[in-house]
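# Overview (structure and organization)
Each chain, written out:
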Amino acid sequence: MRCLIGRLLALGLVSIGLCFLPTSSRSEPNRRFDREAGRYIEVTVVGPYLEFHTGAGRRYPVFHVVPRGEHVQILFRRTDWFKVRDERDREGWVRREEVEQTQLANGESLPLEDPDRREVEVLPWLAGAASGRLGHGWNNAAFIGYSVSPRLTFLLEGDQQPTRSYDRFMLLGGVQYTPRPDWRVTPFLEVGTGLARVTANAAYSGDPAVVRRSVGYYGAGLRWAVNNRFEFRLQERSYLLSHPSSLHTPNEALNEWKAGFAFYF
Amino acid sequence: MESRLRVLLLIVISAGLGGCAHLPHLWPFHRHAKTGQTGTGPTSATDTAPIVEPEIVRQQVKVPRIRNSNVEITASAGLLNVEQYGTYPTIDVRGTYHIKERFFAEGSVGISKLRAASYVNADGTPHPLTSNQRRVYDYAIDLGYDVLPGEAFFGRKKSFATAVYVVAGMGALHYGADSFYAPNIGLGYRVLLSDRFAAHIDVRDAVTQRTLTGAKHLTNNIESTIGLSVYF
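Everything in this summary refers to the structure shown in the same document. Only a predicted model underlies this, so the values are computations on that prediction, with no experimental measurement involved.

## A few points about the overall build of chain B
Within chain B, the secondary structure is distributed over 3 helices and 12 strands. Across the 232 residues of chain B, 27% fall into the buried class. In chain B, the proportion of contacts linking residues at least 24 apart, taken out of those at least 6 apart, comes to 51%.

## Observations concerning the interface of chain B and chain A
The partner chain A presents 40 residues to the 37 residues of chain B that form the contact. Secondary structure elements with two or more residues in the side of chain B that touches chain A: strand 1 (67–68), strand 3 (86–100), strand 7 (135–154), strand 8 (158–175) and strand 9 (178–181) of chain B. Here the side of chain B that touches chain A gets 5 residues from one element, more than from any other, and that element is strand 8 of chain B. Its residues assigned to classes, the side of chain B that touches chain A shows 20 nonpolar, 9 polar and 8 charged. The pairing of strand 4 (residues 71–78) of chain A with strand 1 of chain B spans 2 bridges and is classified as parallel.

## Structural notes on the nonpolar core
By size, the foremost hydrophobic cluster in this structure holds 28 residues, and its most contacted members are Phe263(A), Leu173(B) and Ala182(B). Listing elements by their share of this core, those giving two or more residues are strand 8 (125–134), strand 9 (137–147) and strand 15 (252–264) of chain A together with strand 2 (71–82), strand 4 (103–113), strand 7, strand 8 and strand 9 of chain B. Once you skip the residues sitting within four places of it in the chain, Phe263(A) turns out to touch Leu126(A), Ala127(A), Gly128(A), Arg229(A), Phe230(A), Tyr97(B), Ile99(B) and Ala105(B). Core analysis: the next-biggest nonpolar cluster, separate from the first, contains 15 residues, Phe52(A), Ile74(A), Trp81(A) and Val99(A) among them.

## Quick word on unusual backbone geometry
Residues and elements named next belong to chain A. Unusually for a residue other than glycine, Thr79 sits at a positive phi of about 50°. Within the element layout of this structure, Thr79 appears in the loop between strand 4 and strand 5 (81–86). Given 21 C-beta atoms within 10 Å, Thr79 falls into the buried group.

The rules behind the values
- Residues numbered from 1 in each chain as written.
- Chains lettered and ligands numbered in written order.
- Predicted model: local features only at pLDDT ≥ 70, side-chain atom pairs only at ≥ 80, totals over all residues.
- Helix = DSSP H or I, 4+ residues; strand = E, 2+ residues; numbered from the N terminus.
- Buried ≥ 20, exposed ≤ 12 C-beta atoms within 10 Å, placed from the backbone.
- Contact = placed C-beta atoms within 7 Å.
- Nonpolar A, V, L, I, M, F, W, Y, C, P; charged D, E, K, R; others polar.
- Pairing = 2+ DSSP bridges.
- Core = buried A, V, L, I, M, F, W, Y, C linked by C-beta atoms within 7 Å.

This is the structure we're talking about:
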């Protein structure tokens, strides 16, 4: 009797256990490729193949190749490299030239946003920095700008000139005009105004004395577009600093040259 | 004779009709037949329409936008050596914009604090620095280049993309109620932990041309930091 009860219990436990065992017919595909299907762009490889690199650069090794006809998801982009996932959930970096050889489900090629710096509707903002000689000292400048047309840009600039006897801060606003924005190396003209705050160093004159002045400037320069979003700049400026507190003191004239860079976003 | 005339007449008529067939603009009936106006051609537009109208509805494919991930924000901590004043803890925040595959621009700000220090004034009297004057602020705007992209292996299965990079740019140091123009150069190592996060080790040298006392002297202010960055 005991033996029979024991066998029945064992049979019951085994059958309950079998109920919880996953069967092959119940299991569903659990690929990220399927789960995140609508979230990312899915394309078909129409070129010979896609090479998966381990990092976003040509120097990183190729670890996998996706052949023509297979589908891949494009996850995100960093510079000219795309993080891509294949049907077996492998992920790698593919360069732009190869991503261009893919097709969407409707047969169209992938719309890759790669605007030019002259397309001011897409990339109206620019930011950059420059450094150079202002009068007899070194000057740092950082600026942000907004282009209303390929030729006309409004700039807001902050300058700092730390010298032995004083620190000069300037906040400037100006307009930059580029007559030929389509040239790769192109000249520009600029004019603007702003305020300067000169603080004497405590080490030389005791307590720091602060002098505020208004500034006007004009200048010219060259922009060299390295690619669609980035450029180097070389420029020359003439400043006129007034003495608002003393009408009889002549204005101070300063010349500046500086080199820098800017990128568009 | 009569039969010859008949043959000649038939030749002329047949040649004339053949010629007219090749000149449709001289043959008004041909035009009517094309537009369906004559009795022999189709009489209305309904005759030309296909029996079954194909119902073609173009499916609008909405393509998700590809996210750009070119901006990197780094928070780092380490040590700053201010020449002649010692080495002190520092924290930095850095914003990087990746322009090209191996090329980036970045701006950074940092803060540190010197311990009790003093400088000698122009008249020779020692001048202790106040608490505010002992704060060191620095900023830099640099361009960087990945010189050695590679991989780092942790165990047999885990590997991370890495890069050794160099940076150069300009900036300024501010301490002791004085500011110093400070061009800088540096070397860094980046380990991409995931798509979003990276770890950095950086060494940078901000060079100034004078000291707090006013003496013309090239000082090297070396900053070593370890940081964690997030890509946006």
